[in-house]
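Residues per chain, in single letters:
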Amino acid sequence: LKNSDEEKQKLLAFCAYLMPKVQGLTIVWSINNNLSDVSFGEEHSVLVGSGYITETINGYSYKITSNSFFQTNSYAGEKLQSTVLEFLGDIKEKKILDLYCGSGFFTIPLAKSSSNVIGVEVVEEAVNDANFNAIQNNVAVKFITKKSEELDLQDFEAEYILIDPPRAGLHPTVLSNLLIKNPRKIVYVSCNYKSFVKEFSRFVPKYEITRAIAIDMFSHTPHVELVVLLESRSV
């Protein structure tokens, strides 16, 4: 919607119509002044409710605000989360780095099994949600607000690294740093398998795919969520 009083009144009228019909309703008017088609608002107005929603996935509770990324398909999200944990295996004594972690969708359950988990996310609002979610789920985890490409992965002792980049794929610097770091396991979660295929040739000299699964997160569309376990050839 355009940022105008007329459009706002239309939206408020729609909210009034929905309120008696939807329990726990919250509506946030998120305004993006750019022409780009991105789901990120520069201005926010809470029109109804708390301004956030709460989702439960596999018993973990998540607070989700308008600028924090979260999986849109809750039912398939349970399968996605369980698959990532299964691919990583026994992580009790492992150090794990979760890049592009959003509001902690994977980081929270990882921290239930490992005492050394770090999540990295550039969106400050998502990190705020992630810290809240860690407290709500009674886990100890460190979150860093930073672009993944600005990290020196050599500063981290992570044996396993989880990556869930945007549709465009990994930033070239992140890909190069991963290959230099050469962790024992990389779990790559991709919402655009074409991006992963383009990058895979870079992984081949050092990694082999040992497991892979496609999950239908986007029903009635040609898109799937691809989860790939890459294991180092040098181990």
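What you see is a predicted model; the values in this text were computed from it and never measured.

Undergrad: Go over the overall build of the chain, please, and point to the residues and values.
TA: Of the regular secondary structure elements, the chain holds 6 helices and 11 strands. On C-alpha atoms alone, the chain measures out to a radius of gyration of 19 Å, which is about the 18 Å that the 2.2 N^0.38 rule sets for 235 residues. Here the chain holds 235 residues, and 47% of them are scored as buried. In the chain, once contacts between residues fewer than 6 apart in sequence are set aside, the share between residues at least 24 apart is 63%. Total accessible area on the chain stands at roughly 12,600 Å², and carbon and sulfur atoms take up 51% of it. With 23 positive and 28 negative side-chain charges, the chain shows a spacing of 4 Å between the two charge centroids.

Undergrad: So what's going on with the pattern of salt bridges? Which residues, and what values?
TA: Across all of its chains, the model carries 3 salt bridges by this definition. Between Lys 94 and Glu 159 there is a salt bridge, with its nearest N and O atoms 3.9 Å apart. In this pair, Lys 94 is assigned in the loop between helix H2 (74-88) and strand E5 (96-99) and Glu 159 in the loop between strand E7 (142-145) and strand E8 (160-163), connecting sequence segments 65 residues apart. Its relative accessible area of 29% is what places Glu 159 among the partly exposed residues. Here Lys 95 ties to Glu 157 by a salt bridge, and the two come within 2.3 Å at their closest N and O atoms. With Lys 95 in the loop between H2 and E5 and Glu 157 in the loop between E7 and E8, the pair connects residues that are 62 residues apart, well separated along the chain. On the basis of relative accessibility, which here comes to 28%, the residue Lys 95 falls in the partly exposed class. Residue classification places Glu 157 among the exposed positions, given a relative accessible area of 57%.

Analysis parameters
- Residues numbered from 1 in each chain as written.
- Predicted model: local features only at pLDDT ≥ 70, side-chain atom pairs only at ≥ 80, totals over all residues.
- Heavy atoms only, no water.
- Helix = DSSP H or I, 4+ residues; strand = E, 2+ residues; numbered from the N terminus.
- Rg over C-alpha atoms; globule rule 2.2 N^0.38 Å.
- Buried < 20%, exposed > 50% of the residue type's maximum accessible area, 1.4 Å probe, protein only.
- Contact = heavy atoms within 4.5 Å.
- Areas by Shrake-Rupley, 256 points an atom, 1.4 Å probe, with all protein chains shown as cover.
- Lys, Arg positive; Asp, Glu negative; His and termini not counted.
- Charge placed at Lys NZ, Arg CZ, Asp CG, Glu CD.
- Salt bridge = Lys/Arg side-chain N within 4 Å of Asp/Glu carboxyl O.

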